[in-house]
Amino acid sequence: EEIARITSKVKGCGVEDPVRVTSVAGVRLSQAATVDCSIAKALNAWVDDVAQPAFDGQLVEMQVAAHYICRSRNNVKGAKVSEHGRGRALDISAFILSNGKVLTVQSDFNRLLRRIYKAGCSYFRTTLGPGSDGYHEDHFHFDTSARSGGAYCR
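The present account deals with the structure reproduced in this document.

Calculation notes
Residues numbered from 1 in each chain as written. Predicted model: local features only at pLDDT ≥ 70, side-chain atom pairs only at ≥ 80, totals over all residues. Heavy atoms only, no water. Helix = DSSP H or I, 4+ residues; strand = E, 2+ residues; numbered from the N terminus. Buried < 20%, exposed > 50% of the residue type's maximum accessible area, 1.4 Å probe, protein only. Axes fitted to C-alpha atoms, helices over the stretch in contact; angles between N-to-C directions. Parallel < 35°, antiparallel > 145°, perpendicular 65-115°, else oblique. Contact = heavy atoms within 4.5 Å. Nonpolar A, V, L, I, M, F, W, Y, C, P; charged D, E, K, R; others polar. Arc of directions from axis to C-beta. Core = buried A, V, L, I, M, F, W, Y, C linked by side-chain atoms within 4.5 Å.

Here we come to the environment of Gly-120. Considering the arrangement of structural elements, one finds Gly-120 in the loop between helix H2 (111–119) and strand S6 (126–128). For Gly-120, a relative accessible area of 0% translates into the label buried.

The following block contains the structure:
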């Protein structure tokens, strides 16, 4: 769903053409996520091509830990604006299957979750998760940052 442009008094924050997303590739999001189209399209493709097949078509919901919010990277005072503040980032903390099973990034970072996380490097400009930097131990951070160079996958 297209929504009104998001502006901010904080330099670097805001979203020119935001959308509110409630599901991608037929998979519900635990809360409506405000993002730009680049992350919505990348997430849709990743779920369709990678996550849903990995869960044998049983993925019904993803728990959203964060979407648009004007803040600094990792909430560190004085740091650059996070891609969340530009609407180009989404954090996923859990996957819910049709049988009710919940796989959390924090407790269930097993071979399957590692595989779908690693595959995110082909869809997103940045992927951060357990073991990357201490700030992402309990969720997958995916973003479509505008930085130059290739994907940043840790």
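Moving on, there is more to tell.
The next point concerns the packing of helix H1 (residues 37–54) against H2. Relative orientation of the contacting elements H1 and H2 amounts to 170 degrees, with a least axis distance of 10 Å. Judged by the angle between their axes, H1 and H2 are roughly antiparallel. Here Trp-46, Val-50, Ala-51 and Ala-54 of H1 lie close against H2, whose contacting residues are Leu-112, Arg-115, Ile-116 and Ala-119. Looking at side-chain class alone, the contact of H1 with H2 contains seven nonpolar, no polar and one charged residues.

Glancing now at H2. Of the residues making up H2, those classed as buried are Leu-112, Leu-113, Ile-116 and Tyr-117. Viewed end-on, H2 has its buried residues packed into an arc of 130 degrees, placing them on one side of the element. Facing away from the buried side of H2, by more than 90 degrees, are the exposed residues Arg-111 and Lys-118. Tucked into the core, H2 has its buried residues touching H1, strand S4 (89–97), strand S5 (102–104), S6 and strand S7 (140–143).

Time to look at the nonpolar core. Looking at soluble globular proteins, one finds that nonpolar side chains tend to be buried together. Counting 34 residues, the largest nonpolar core has Leu-43, Trp-46, Phe-55, Met-62, Phe-95, Ile-116 and Phe-140 as the members making the most contacts within it. Secondary-structure elements contributing two or more residues to this core are strand S1 (18–24), strand S2 (27–36), H1, strand S3 (59–66), S4, H2 and S7. Among the elements that line this core, the one with the most residues is H1, at nine residues. For Phe-95, the contacting residues outside a window of four places in its chain are Trp-46, Phe-55, Leu-59, Glu-61, Met-62, Lys-101, Val-102, Leu-103, Val-105, Leu-113, Ile-116 and Phe-140. Core analysis: the second largest hydrophobic core is formed by five residues, Ile-6, Cys-13, Tyr-68 and Val-81 among them.

Without other data, these values stay purely geometric and don't point to any function.
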